[in-house]
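Chain by chain, the residues:
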2 protein chains.
Amino acid sequence: MLINPQGKLQSVDQKVTIPLTSNNMRVACSQCNLRELCLAVGLDDDDLHKLDDMVTKRKLKRGQQLYRAGDSFEALYAIRTGFFKTDILTEEGLEQVTGFQMAGEIIGMDGISNDHHVCNATALEDSEVCIMPYDQLEELSRGIKSLQQQFHKFMSREIVRDQSLMILLGSMRAEERIAAFLLNLSQRMRVRGYSASEFHLRMTREEIGSYLGLKLETVSRAFSKFHDEGLIGVQQKYIRILNADGLKALLNHTPS
Amino acid sequence: MLINPQGKLQSVDQKVTIPLTSNNMRVACSQCNLRELCLAVGLDDDDLHKLDDMVTKRKLKRGQQLYRAGDSFEALYAIRTGFFKTDILTEEGLEQVTGFQMAGEIIGMDGISNDHHVCNATALEDSEVCIMPYDQLEELSRGIKSLQQQFHKFMSREIVRDQSLMILLGSMRAEERIAAFLLNLSQRMRVRGYSASEFHLRMTREEIGSYLGLKLETVSRAFSKFHDEGLIGVQQKYIRILNADGLKALLNHTPS
DNA sequence: CAAAAACGTTGATGTTGATCAATCCGCAAG
DNA sequence: CTTGCGGATTGATCAACATCAACGTTTTTG
């Protein structure tokens, strides 16, 4: 499903609210209200406690980097709260955004192949992550079948997500890309119990453009056009989806 | 490394030739001359024999499909000989190629996330694959640490490969894309012990274009231009790399 | 072998989105 | 309140690539 790279997350229908109470470094996966979105899906209490022992957490301020390209790979990170971008510096020194990630998503899997990260991960707002040391995660998933399966599904989901983006970049036109982007964000907000119809963008027009293979002016123009057509409301970073079906209709519109 | 999505495969320096002798359905990973490229990297003899028991093989004629989008996911496949493409049919019914795969590479990992394949895999020449039933692979990799690690590296490598392609599609111009494509093919041929400087393309101009987000005419024009500039030799699908450095120089050429 | 189909090349023209540039808005700091 | 600055908007122009079209070449098929 093209505009829907979150795979099985879609089927999680229950509302999930995102408060945050504990302040200690240890995190209880068994208590976490994101556990139905996260690696812990389907684990029994006993196994959840084993996860608890492995996981610590870390807070990041807006703009702080969780890891950088070239850093040695130590752990995967589950986002508890906040919003991240991942990006790569190309040979010519241009930044290209490879993804935006929100609560319940796992980042860092690019580092497994080389023992070094290939991209940067930056918090776009104050955020908190669960640190899962990779050697421990490997060991644990050798012992817990459902953890192993869940982990593999997350990796595969990332592959499918990337391929959706390849299709977007390879075959869609500017306005289609931006409609797909907005619908995808909206969908992911819904799954997390937030409003699907209004939200704040955490990234700049330039970062959106980088992600979608467009220039910031093109992004801005598309927003304005959608606004004029009554499809969305735009006030800087505050977006309202006024006509989701209208946006979807833009996607099926075959160009030739 | 942008033009180099095969990750650690790069470091395998020894020559690997690709004969094929046995004809029975059972395959001996322990005897396979691709085992240093494949999942079996780093396994000891004992563990290799466990792999042997799991794997069967299948031959495909040119044009045959190994699996289709929507098929239920049963197994991963290691390519023993031949050449494949994977593609997705977009909503509008357009085909988009998501990758070309050759000997030693693993395909099918997109299916793990949903228990169904999201893309088609088609043999572009007569080919042979090793079938690795996924439930058995999971079980085996819970018992064999180095198999588990190798499997995870393959999945991660696929993620990194896809991200390289995202960058190509998001930030490179037509001729850069095509130069990167040729250099990548050349590199992968070298790793497998084939000539890196001359080879047959197994895919059409249209398939190349689909993969690179370009139209077939644009691909054809770029080939002609590179030919005129003495960078490559082109005779239909037979390509010679005459000036690899010249091609590489095209990549660093910042547009603005 | 002949005919058809698939694939590839090349040219002329058109459209999309990039580029260049001016202006505006919102927010933070003094 | 004013100033400065990063971000956003909007307009004018341009370049890259798509599209349309004609023709050539190779492969497949009966």
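Residues numbered from 1 in each chain as written. Chains lettered and ligands numbered in written order. Predicted model: local features only at pLDDT ≥ 70, side-chain atom pairs only at ≥ 80, totals over all residues. Heavy atoms only, no water.

Trainee: Which parts of the structure should I look at to understand the interface of chain A and chain B?
Mentor: Many descriptions give the size of an interface as the accessible area lost when the pieces come together. Counting residues at the interface gives 45 residues for chain A and 45 residues for chain B. Together chain A and chain B conceal approximately 4400 Å² of surface at their shared face, both sides included; 59% is due to carbon and sulfur atoms. When the area that chain A buries against chain B is broken down by residue, the three leading residues are A:Arg142, A:His152 and A:Met166, summing to 16%. Taken together, chain A and chain B are joined by 2 salt bridges. A salt bridge links B:Asp115 to A:Lys153, with the shortest nitrogen-to-oxygen separation between them at 3.7 Å. Counting the contacts that link chain A with chain B gives 19 residue pairs in polar contact (both at pLDDT 80 or more). Elements with a contribution of two residues or more to the side of chain A that touches chain B: strand 5 (95–102), helix 2 (134–143), helix 3 (145–171) and helix 7 (244–252) of chain A. In terms of residue count, helix 3 of chain A provides more of the side of chain A that touches chain B than any other element does, 20 residues in total. (Contact = heavy atoms within 4.5 Å. Buried area = accessible area lost by both parts, 1.4 Å probe. Salt bridge = Lys/Arg side-chain N within 4 Å of Asp/Glu carboxyl O. Polar contact = N/O pair within 3.5 Å; in protein donor to acceptor, adjacent residues only side chain to side chain. Helix = DSSP H or I, 4+ residues; strand = E, 2+ residues; numbered from the N terminus.)

Trainee: Where do I start with the protein's contact with DNA strand D in this structure?
Mentor: As a structural note, the neighbourhood of DNA strand D is formed by 20 residues, with A:Ser220, A:Ser224, B:Arg62, B:Ala174 and B:Thr218 the closest of them. A breakdown of the atoms of DNA strand D within 4 Å of the protein gives sugar and phosphate a share of 66%. Among the secondary structure elements, those contributing two or more residues to the surface near DNA strand D are helix 6 (216–228) of chain A together with helix 6 (216–228) of chain B. Tallied by class, the residues present in the surface near DNA strand D amount to 4 nonpolar, 7 polar and 9 charged. (Near = heavy atom within 4 Å. Nonpolar A, V, L, I, M, F, W, Y, C, P; charged D, E, K, R; others polar.)

Trainee: Looking at this structure, how should I read the pairing of strand 8 (residues 127–133) of chain B?
Mentor: Note on strand geometry: in a regular strand, side chains alternate between the two faces of the sheet. Residues and elements named next belong to chain B. Within strand 8, 7 of the 7 residues are buried, leaving the element largely enclosed by the surrounding structure. Alternating residues of strand 8 divide into Ser-127, Val-129, Ile-131 and Pro-133 and Glu-128, Cys-130 and Met-132, and every residue in both groups is buried. Pairing between strand 1 (residues 56–60) and strand 8: 5 bridges, direction antiparallel. Each residue of the ladder has a partner; that of Lys-59, found in strand 8, is Glu-128. In terms of strand pairing, strand 3 (residues 75–81) meets strand 8 through 6 bridges, oriented antiparallel. Bridging from a neighbouring strand, Tyr-77 pairs with Ile-131 of strand 8. (Buried < 20%, exposed > 50% of the residue type's maximum accessible area, 1.4 Å probe, protein only. Pairing = 2+ DSSP bridges.)

Trainee: What's the story with the sheet that holds strand 8 (residues 127–133) of chain A in this structure? I'm lost.
Mentor: Pairing within the open sheet is antiparallel, and its 4 strands lie in the order 1-8-3-6 (chain A). Either end of the sheet is taken by a strand with one partner, and the two such strands are strand 1 (56–60) and strand 6 (106–107) of chain A.

Trainee: Quick question: what am I supposed to make of the environment of A:Ile79 here?
Mentor: All names here are of chain A. Mapped onto the fold, Ile-79 is located in strand 3 (residues 75–81). When the C-alpha positions of Ile-79 and Cys-38 are compared, they lie 8.9 Å apart, and in sequence the two are 41 residues distant. With residues up to four places along the chain from it excluded, the contact list for Ile-79 reads Leu-34, Phe-84, Gln-101, Met-102, Ala-103, Gly-104, Glu-105, Ile-107, Glu-128 and Val-129.

Trainee: What is the right way to look at the side chain of A:Ser156 in this model?
Mentor: The topology assignment puts A:Ser156 in helix 3. Among the polar contacts listed, one links the side chain of A:Ser156 to the backbone oxygen of B:Asp110, at a separation of 3.4 Å. Other than its neighbours up to four places away in sequence, A:Ser156 contacts B:Met109, B:Asp110, B:Gly111, B:Ile112, B:Ser113 and B:Met155.

Trainee: Please explain the relation of the copies chain A and chain B as it appears in this structure.
Mentor: At an RMSD of 0.0 Å, chain A and chain B line up after a rotation of 180° and a shift of 0.0 Å along the axis. Between the two chains, the operation in question is that of a two-fold axis. Relative to the rotation axis, the closest C-alpha in chain A is found at A:Arg142, a distance of 2.2 Å. A share of 100% of the interface residues of chain A reappears at the interface of chain B, consistent with the copies meeting face to face through the same patch. (Least-squares fit on C-alpha atoms with pLDDT ≥ 70 in both.)

Trainee: Just checking my understanding: could you explain the nonpolar core for this structure?
Mentor: Judged by nonpolar contacts, the single largest core of 72 residues is most densely connected at A:Phe223 and B:Phe223. Residue contacts for B:Phe223: discarding those within four places in its chain leaves B:Ile178, B:Leu182, B:Leu201, B:Arg205, B:Ile208, B:Ile232, B:Val234 and B:Ile239. If you look at the next biggest cluster of nonpolar residues, it comprises 52 residues, including A:Leu76, A:Cys130, B:Met109 and B:Tyr134. (Core = buried A, V, L, I, M, F, W, Y, C linked by side-chain atoms within 4.5 Å.)

Trainee: Whenever I open this one, the pattern of salt bridges confuses me. Can you help?
Mentor: Any two side chains of opposite charge can pair, so long as their charged atoms come close to each other. The final tally for this structure, using the stated rule, is 32 salt bridges over all chains. Between A:Glu175 and A:Lys225 there is a salt bridge, with its nearest N and O atoms 3.0 Å apart. With a gap of 50 residues between them, A:Glu175 in helix 4 (residues 174–191) and A:Lys225 in helix 6 connect regions that are remote in the sequence. Overall, the relative accessible area of 30% leaves A:Glu175 in the partly exposed class. Given a relative accessible area of 35%, A:Lys225 falls into the partly exposed group. Of the charged contacts, one joins B:Glu128 and B:Lys57 as a salt bridge, the two residues approaching to 3.4 Å between their closest N and O atoms. Linking B:Glu128 in strand 8 with B:Lys57 in strand 1, this pair joins segments that are 71 residues apart in sequence.

Trainee: Sorry if this is basic, but what is going on with the confidence of the model for chain A here?
Mentor: The predicted coordinates ought not to be read in detail in places where the model reports low pLDDT. Of all residues in chain A, 88% have pLDDT values of 70 or greater, and the mean over the chain is 89. Low pLDDT, under 50, characterises residues 1–23 of chain A; the stretch is placed with 58 contacts to residues that sit more than four places away or in other chains. (pLDDT = per-residue confidence, 0-100.)

Trainee: Please explain the sheet that holds strand 10 (residues 232–235) of chain B as it appears in this structure.
Mentor: All names here are of chain B. Reading across the sheet, the 3 strands line up as 9-11-10 and stay open at both edges, with antiparallel pairing between neighbours. A strand with exactly one partner marks an edge of an open sheet, and here the two such strands are strand 9 (198–200) and strand 10. Direction aside, the axes of adjacent strands within the sheet are offset by 15° on average. In this structure, strand 10 lies alongside strand 11 (residues 238–241), joined through 4 bridges in antiparallel fashion. When the sheet's bridge partners are listed, Val-234 is paired in strand 11 with Ile-239. (Axes fitted to C-alpha atoms, helices over the stretch in contact; angles between N-to-C directions.)

Trainee: Looking at this structure, how should I read the side chain of B:Asp110?
Mentor: The residue B:Asp110 is located in the loop between strand 6 (106–107) and strand 7 (120–123) in this model. Buried and unpaired, B:Asp110 has no salt bridge, with B:Arg161 as the nearest side chain of opposite charge at 9.1 Å. (Lys, Arg positive; Asp, Glu negative; His and termini not counted.)

Trainee: Just checking my understanding: could you explain the protein's contact with DNA strand C for this structure?
Mentor: Neighbouring residues of DNA strand C: 17 residues in total, closest A:Ala174, A:Thr218, B:Ser220, B:Arg221 and B:Ser224. Atoms of DNA strand C within 4 Å of the protein: sugar and phosphate make up 65%, bases the balance. Contacts to DNA strand C include A:Arg221, whose side-chain N or O atom sits 2.9 Å from a base oxygen. The separation between a phosphate oxygen of DNA strand C and a polar side-chain atom of B:Ser220 is 2.8 Å. Listed by contribution, the elements that provide at least two residues to the surface near DNA strand C are helix 6 of chain A together with helix 6 of chain B. Partitioned by chemical class, the residues of the surface near DNA strand C number 3 nonpolar, 6 polar and 8 charged.

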